[in-house]
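# Notes for the structure review
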Amino acid sequence: MISTMIEGLIKNGSAVRAMFEEGKKMAAQFGKENVYDFSLGNPSVYPPEEINKEMINVINDTDPNYLHGYMSNAGYPEVREAVAKSLNKRFATNFSGNNILMTVGAAGGLNVILKTLLNPGDEVIVFAPFFGEYKNYIANFGGKIVIVSADIPNFQLKLDEFEQKINKNTKAVIINNPNNPSGVIYSEETIKKLAEILERKQAEFGTSIYLISDEPYRELAYDGEEVPYLTKYYKNTVVGYSFSKSLSLPGERIGYLVMPDELDDAESIIAGAAIANRILGFVNAPALQQLTIAKVLDSKVDVEIYNKNRELLYRKLTEFGYECIKPQGAFYMFIKAPGGDDQAFVQKAKSEHILLVGGTFFACPGYLRLAYCVDYDMIERSLLGFKRLIENA
């Protein structure tokens, strides 16, 4: 018999992945061009051309024993140094390679840092709406998730409720900026207020509370919006990053953790994260991708493609009568479900071959997430279906 935990996860699996699999079945039945899949944040923009070129160069120019052999759990030293230098140049930080741990994507990084920090019963605070897998990542290590309710309809941080929920058992706080699923960017002013609360609570309880900044969408910001770099505002900050969205490489599973020297117990956390990377079974991040990433840290995808999608969807859906805030970042739109029941609307949308994810997965029932990292013409083809759905809601 399998574990009761996994048995429960089979029955109540990821709504995002379930829709992704359903989309493949519907495409086989009705034709790919007749299915409008807004379920998964799978980038439609191609990776920059130089990535494939550099990948080939790495294969051709690197000693095979070095490329394909074991390495330090934290990753190649030269790659970690390159990441640190890039961050220092961009954000006026002062990291070294010792502060960087290369990870198997952002998900791998989050599991590594939670494994490093949590004892059973420790509490981790998250802000709704949030990526639903946080629940599982925290539960993996005996942690208890504490949810701050959504600030509807603006989806900013409810800092008054947040302050009330911090207690002596609070070990960490996860913030996702830009946010999946709302597309909101938390401003510098908001981050400063968050940091002030954490400083006060650390002093009150005599504990260390770590802020984990989950940032796979950092580069996807629109209208000149700035995404604050959190280590500059609160010393007990760990940053998790992934190149899945910024360089359209989700399948390559490559990212990193930043663990500054200013952290309380920094030396132990940095050493512990490298061990956690090993004992969780990752051992190290993919070798080829590490060496390739080190050469393309200044590369970017064309964010204007996503912006064009954002503008079309927001304009047409609000014109039809859907209610939502205009996303500032990432590539998701969070829409109020017509009729109020997100799960019912998700099922109804299938009649128009439109695949969405209900807000319940993000701890925000009554809303719908649309991933607009899709082809522009697919959005255009889907619009009549969206119109019919709200007219018949």
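To be clear, the structure that these remarks concern was listed above.
Below you will find a few notes about this structure. (Residues numbered from 1 in each chain as written. Predicted model: local features only at pLDDT ≥ 70, side-chain atom pairs only at ≥ 80, totals over all residues. Heavy atoms only, no water.)

Take the overall build of the protein next. From N to C terminus, the protein includes 15 helices and 12 strands. Here the C-alpha atoms of the protein give a radius of gyration of 21 Å, agreeing with the 21 Å that 2.2 N^0.38 yields for 393 residues. Summarising its shape, the C-alpha atoms of the protein cover approximately 60 × 55 × 55 Å along the three principal directions. Taking all 393 residues of the protein together, 55% fall into the buried category. Looking at the protein alone, contacts between residues at least 24 apart form 74% of all its contacts between residues at least 6 apart. With an accessible surface of roughly 17100 Å², the protein has 49% of that area assigned to carbon and sulfur atoms. In the protein, 41 side chains carry a positive charge and 49 a negative one; their mean positions are 3 Å apart. (Helix = DSSP H or I, 4+ residues; strand = E, 2+ residues; numbered from the N terminus. Rg over C-alpha atoms; globule rule 2.2 N^0.38 Å. Buried < 20%, exposed > 50% of the residue type's maximum accessible area, 1.4 Å probe, protein only. Contact = heavy atoms within 4.5 Å. Areas by Shrake-Rupley, 256 points an atom, 1.4 Å probe, with all protein chains shown as cover. Lys, Arg positive; Asp, Glu negative; His and termini not counted. Charge placed at Lys NZ, Arg CZ, Asp CG, Glu CD.)

On to the sheet that holds strand E12 (residues 367–371), then. The strand order across the open sheet built from three strands is E9-E12-E11, with neighbouring strands paired in antiparallel fashion. Each edge of the open sheet carries a strand with a single partner, namely strand E9 (332–336) and strand E11 (357–358). Pairing analysis gives five bridges linking E9 to E12, with the strands arranged antiparallel. Residue pairing in the sheet places Ile335 in a bridge with Leu368 of E12. (Pairing = 2+ DSSP bridges.)

Counting 62 residues, the largest nonpolar core has Phe162, Leu198 and Met259 as the members making the most contacts within it. Non-local contacts of Phe162, meaning those with residues more than four positions away in its chain, are made with Ile125, Phe127, Val148, Val173, Leu194, Ile197 and Leu198. Formed by 42 residues, the second largest nonpolar core is a distinct cluster that contains Tyr222, Val303, Phe331 and Ile354. (Core = buried A, V, L, I, M, F, W, Y, C linked by side-chain atoms within 4.5 Å.)

Before going further, it helps to examine the side chain of Gln290. The residue Gln290 is located in helix H12 (residues 287–293) in this model. Of the polar contacts made by the side chain of Gln290, one reaches the backbone nitrogen of Tyr76; its length is 3.0 Å. What Gln290 contacts, discounting residues up to four positions off in sequence, is Met71, Gly75, Tyr76, Val79, Met102, Ile254, Asn284 and Ala285. (Polar contact = N/O pair within 3.5 Å; in protein donor to acceptor, adjacent residues only side chain to side chain.)

This part covers the packing of aromatic side chains. In the structure shown here, the tally under the stated rule is 22 aromatic pairs. The interplanar angle of 5° and the centroid separation of 6.1 Å between the aromatic rings of Phe130 and Tyr134 together place this pair among those described as stacked. Judged on exposure class, the residue Phe130 and its partner Tyr134 are both buried. One residue, Lys308, lies across the ring of Tyr376, its end atom 4.3 Å from the ring centre. (Phe/Tyr/Trp six-rings, centres within 6.5 Å; stacked < 30°, edge-to-face > 60°. Lys NZ or Arg CZ within 6 Å of the ring centre and 35° of its normal.)

The next point concerns the packing of helix H13 (residues 303–320) against helix H15 (residues 376–391). Between H13 and H15, whose axes approach to 10 Å, the crossing angle comes to 15°. As far as their axial angle goes, H15 and H13 are roughly parallel. Two packed elements cross with a definite hand, and for H13 against H15 that hand is right-handed. For the pair formed by H13 and H15, the contact residues are Lys308, Asn309, Leu312, Leu313, Lys316, Leu317 and Phe320 on the first element and Tyr376, Ile379, Glu380, Leu383, Phe386, Lys387 and Ile390 on the second. A class-by-class count of the residues in the contact of H13 with H15 yields nine nonpolar, one polar and four charged. (Axes fitted to C-alpha atoms, helices over the stretch in contact; angles between N-to-C directions. Parallel < 35°, antiparallel > 145°, perpendicular 65-115°, else oblique. Left-handed = near helix turned anticlockwise from the far one by under 90°. Nonpolar A, V, L, I, M, F, W, Y, C, P; charged D, E, K, R; others polar.)

Before going further, it helps to examine the pattern of salt bridges. Inspection of the entire model under this criterion finds 16 salt bridges. Linking Glu204 and Lys201 is a salt bridge whose minimum nitrogen-to-oxygen distance equals 3.1 Å. Here the residue Glu204 and the residue Lys201 both occupy positions in helix H9 (residues 188–205), the gap between them amounting to three residues, near one helical turn. Overlapping salt bridges, with partners in common, bring together Asp223, Arg310, Glu311 and Lys326 in one network. (Salt bridge = Lys/Arg side-chain N within 4 Å of Asp/Glu carboxyl O.)

In this section: the pairing of strand E6 (residues 210–214). By the criterion of burial, E6 is predominantly enclosed, with five of the five residues buried. Judged from the five bridges that link them, strand E5 (residues 170–176) and E6 form a sheet pairing that is parallel. Bridge pairing links Ile175 to Ser213 in E6. Each parallel crossover has a hand, and for E5 linked through H9 to E6 it is right-handed. Examined bridge by bridge, E6 and strand E7 (residues 237–242) share four bridges and lie parallel to one another. In the strand pairing of E7, Leu211 is matched with Thr237. (Right-handed = clockwise from strand over helix to strand, strands pointing away.)

Let us now look at helix H11 (residues 266–279). Here H11 spans 20 Å end to end across 14 residues, near enough to the 20 Å set by a 1.5 Å rise per residue. All of the buried residues along H11 are Ala266, Ile269, Ile270, Ala273, Ala274, Ala276 and Asn277. What you see down the axis of H11 is that its buried residues fit within an arc of 160°, all on one side. More than 90 degrees from the buried face of H11, the exposed residues found are Glu267 and Ile279. Residues of H11 that are buried sit in contact with strand E2 (100–103), helix H6 (105–117) and E6. (Expected span 1.5 Å × (residues − 1). Arc of directions from axis to C-beta.)

Worth remembering: the numbers are spatial, not functional.
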